[in-house]
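Coordinate inspection notes
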Amino acid sequence: LANAIELDVPQFHSDLDDESMRVLTGCGAKLPVTTLPFGSEAGIFERSRIPSVVCGPGSIDQAHRPDEWIACAALDEADRFLSNVGAWASQTEPD
């Protein structure tokens, strides 16, 4: 295996400040943010001091399995959240 590639994907644990958490909950995010039990690029971003959020509909317990499924209500909730994030971002001046 001379051509093997080793990946370093650190575990993600968000270090968002109170202001960021307030914005997310105001947009409809369900908190608390926890350490993720799966791989994600967010851990790489956080390690580089780039604040990150991982979000999506449904439960990781139901994801990436042969019988994966997401309830329609969870898709609706995610749609509302992302619409709210977009509305917030369109009213916010960039740093």
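Residues numbered from 1 in each chain as written. Predicted model: local features only at pLDDT ≥ 70, side-chain atom pairs only at ≥ 80, totals over all residues. Heavy atoms only, no water.

Some remarks on the overall build of the protein
For the protein, the count of helices and strands is three helices and zero strands. Traced from its N-terminal end to its C-terminal end, the protein shows the element sequence α-α-α. Radius of gyration (C-alpha) of the protein: 16 Å, far over the 12 Å computed for a compact globule of 95 residues. With the principal axes as the frame, the protein shows a C-alpha extent of 50 × 40 × 20 Å. Expressed as a percentage of its 95 residues, the buried residues of the protein come to 18%. Restricting to contacts in the protein with at least 6 residues of sequence separation, those with at least 24 account for 59%. As displayed, the protein offers around 7,700 Å² of accessible surface, 54% of which is attributable to carbon and sulfur atoms. (Helix = DSSP H or I, 4+ residues; strand = E, 2+ residues; numbered from the N terminus. Rg over C-alpha atoms; globule rule 2.2 N^0.38 Å. Buried < 20%, exposed > 50% of the residue type's maximum accessible area, 1.4 Å probe, protein only. Contact = heavy atoms within 4.5 Å. Areas by Shrake-Rupley, 256 points an atom, 1.4 Å probe, with all protein chains shown as cover.)

Section: the nonpolar core
Among the nonpolar cores identified, the biggest contains five residues, and these are L16, V23, L24, C27 and F81. At three residues, the largest contribution of residues to this core is made by helix α1 (residues 18-27). Setting aside anything within four residues of it in sequence, one finds L16 in contact with M21, L24, P51, S52 and V53. (Core = buried A, V, L, I, M, F, W, Y, C linked by side-chain atoms within 4.5 Å.)

A short note on unusual backbone geometry
One non-glycine residue, R49, adopts positive backbone phi at about 65°. On the secondary structure map, R49 appears in the loop between α2 (41-47) and α3 (72-90). Judged by its relative accessible area of 77%, R49 falls in the exposed class. Despite not being glycine, H64 has its phi angle at roughly 55°, a positive value. Residue position: H64 is located in the loop between α2 and α3. Judged by relative accessible area, H64 falls into the exposed class, the value being 69%.

Looking at the packing of α1 against α3
Two elements in contact, α1 and α3, have axes whose closest approach is 8 Å; the angle formed by their N-to-C orientations is 125°. With respect to their mutual orientation, α1 and α3 come out oblique. Here V23, L24 and C27 of α1 lie close against α3, whose contacting residues are R80, F81, N84, V85 and W88. Counted by class, the contact of α1 with α3 contains six nonpolar, one polar and one charged residues. (Axes fitted to C-alpha atoms, helices over the stretch in contact; angles between N-to-C directions. Parallel < 35°, antiparallel > 145°, perpendicular 65-115°, else oblique. Nonpolar A, V, L, I, M, F, W, Y, C, P; charged D, E, K, R; others polar.)

What to know about α1
Listed in full, the buried residues belonging to α1 are V23, L24 and C27. For α1, the angular spread of the buried residues around the axis is 95°, confining them to a single face. Facing away from the buried surface of α1 by more than 90 degrees, the exposed residues are D18 and G26. Its buried side turned inward, α1 meets α3. Phi turns positive, to about 110°, at G28, one or two residues after α1. (Arc of directions from axis to C-beta.)

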